[in-house]
Amino acid sequence: PADTRDASDEAAGIPLEPRREGAADRSESLDWATVFWIGGVHLAALAAPFFFSWSGLTLCLALYWFTGSLGVCLGYHRLLTHGSLVTFAPARFVFALIGGLSGEGSALVWVANHRKHHAFSDQDGDPHSPRDGGLWAHMLWMFPGHTREEMDAHTRRWAPDLARDRSIQFLHRTFLLWHALVGAALVAGGWCVGGPRLAASWLLWGFAVRMVIVFHVTWLVNSATHMWGYRNYETTDDSRNLWWVGLLAFVEGWHNNHHAYQRMAQHGHRWWEIDTTYWVIALMERLGLAWN
């Protein structure tokens, strides 16, 4: 199995820096933009039960798959972070855009964080290791504040390929714009179909509830699959295969498999480890939209 400290760097063509002393970065200041963004989405989701509709729930589940599986799992993770497949530039842009609609930050920052996680997985310097606390690994690691200079240095170090990509930089700068457009589309569609109450239902369920689900499902990969489950491979970290996270996270829960062979497009390695995201990649290959 690959050494989890350097496989992602080799994929990106960048050298491995020495390990930092201490645990993941903890700052006395808070990233208030992230606090308000994540907190606001959670607060909005609390109002959703008062505006329930079956069409709103359907939108929630459809967009959960669309932004979670196609956007985060396929686009952000397997395509942009690890280079598990290659596709045409317009398709690459679309997957990066869909990933952004998950609400988990732009592709530039997401990829930089995840490559650093693999370089120092469960060691000093890992941004979100459960060795620093389960809740820290799940979500608290995102809240410490960093200066613009620190973030620029971070993305240049860990995602230099994306930092040079003008289309990725465009999506990074316009991150909130795309969410505003999606929110407006949900409100307009619901209003046209059923008036203001349905407009509120579509917005709350298709935007807030869906985003909260995608948030926590992704975060469970960072936390739960480094604490519980079984291992097919001996790696230098604590990664595990956890079936219920696999079901929720479009099979990203076969996490020990992934840490052992990080660039492999298929995460399910045993016959029972179903990989629905890989099915999409295989279909893209058949259609001539993906290779390598």
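The structure this text deals with has already been given above.
Residues numbered from 1 in each chain as written. Predicted model: local features only at pLDDT ≥ 70, side-chain atom pairs only at ≥ 80, totals over all residues. Heavy atoms only, no water.

A.B. asks: Looking at this model, I keep getting lost on the overall build of the chain. Mind explaining?
C.D. replies: A tally of regular secondary structure across the chain gives 14 helices and 2 strands. Its C-alpha atoms give the chain a radius of gyration of 19 Å, within 12% of the compact-globule value 19 Å for 292 residues. With respect to the three principal axes, the spread of C-alpha positions in the chain is 55 × 50 × 40 Å. By sequence separation, contacts in the chain at least 24 residues apart represent 74% of the contacts at least 6 residues apart. Element-wise, carbon and sulfur atoms account for 66% of the exposed surface of the chain, whose accessible area totals about 13,600 Å². Averaging the locations of the 22 positively and 26 negatively charged side chains of the chain gives two centres separated by 5 Å. (Helix = DSSP H or I, 4+ residues; strand = E, 2+ residues; numbered from the N terminus. Rg over C-alpha atoms; globule rule 2.2 N^0.38 Å. Contact = heavy atoms within 4.5 Å. Areas by Shrake-Rupley, 256 points an atom, 1.4 Å probe, with all protein chains shown as cover. Lys, Arg positive; Asp, Glu negative; His and termini not counted. Charge placed at Lys NZ, Arg CZ, Asp CG, Glu CD.)

A.B. asks: Please clarify how the nonpolar core should be interpreted in this entry.
C.D. replies: As a rule of thumb, nonpolar side chains are buried together in soluble globular proteins. The biggest cluster of nonpolar side chains holds 26 residues, and the ones touching the most others in it are Leu74, Leu80, Leu85 and Leu162. Secondary-structure elements contributing two or more residues to this core are α3 (54-81), α4 (89-100), α5 (107-119), α9 (166-173) and α14 (276-286). Non-local contacts of leucine 85, meaning those with residues more than four positions away in its chain, are made with Leu74, Arg78, Leu79, Ile281, Met284, Ala290, Trp291 and Asn292. Counting residues in hydrophobic clusters, the runner-up holds 23 residues, among them Val41, Met142, Trp205 and Phe207. (Core = buried A, V, L, I, M, F, W, Y, C linked by side-chain atoms within 4.5 Å. Buried < 20%, exposed > 50% of the residue type's maximum accessible area, 1.4 Å probe, protein only.)

A.B. asks: Hey, could you run me through the pattern of salt bridges in this one?
C.D. replies: Pairs can form between side chains of opposite charge whenever their charged atoms are close. Under the definition given, this model contains 6 salt bridges. A salt bridge links arginine 78 to glutamate 252, with the shortest nitrogen-to-oxygen separation between them at 2.7 Å. Of this pair, arginine 78 sits in helix α3 while glutamate 252 sits in the loop between α12 (243-248) and α13 (255-260), and the two are 174 residues apart along the sequence. In this pair, the class of arginine 78 matches that of glutamate 252, namely buried. Two residues, aspartate 275 and arginine 78, come together in a salt bridge whose shortest N-O distance is 3.0 Å. Pair noted here: aspartate 275 is in the loop between α13 and α14 and arginine 78 is in helix α3, with a separation of 197 residues, a long-range link. As far as the burial class goes, aspartate 275 and arginine 78 line up, both buried. (Salt bridge = Lys/Arg side-chain N within 4 Å of Asp/Glu carboxyl O.)

A.B. asks: Sorry if this is basic, but what is going on with the packing of α5 against helix α7 (residues 148-158) here?
C.D. replies: Pairs of packed helices are described in terms of their axes, by the angle between the two and the distance that separates them. Contact geometry of α5 with α7 gives a least axis separation of 9 Å together with a crossing angle of 65 degrees. In terms of crossing hand, the pair formed by α5 and α7 is left-handed. Judged by residue contacts, Leu108, Val109, Ala112, Asn113, Arg115, Lys116 and Ala119 of α5 engage Met151, His154, Thr155 and Trp158 from α7. Here the contact of α5 with α7 is built from residues that sort into 6 nonpolar, 3 polar and 2 charged. (Axes fitted to C-alpha atoms, helices over the stretch in contact; angles between N-to-C directions. Left-handed = near helix turned anticlockwise from the far one by under 90°. Nonpolar A, V, L, I, M, F, W, Y, C, P; charged D, E, K, R; others polar.)

Shape is all these values report; function is a separate question.
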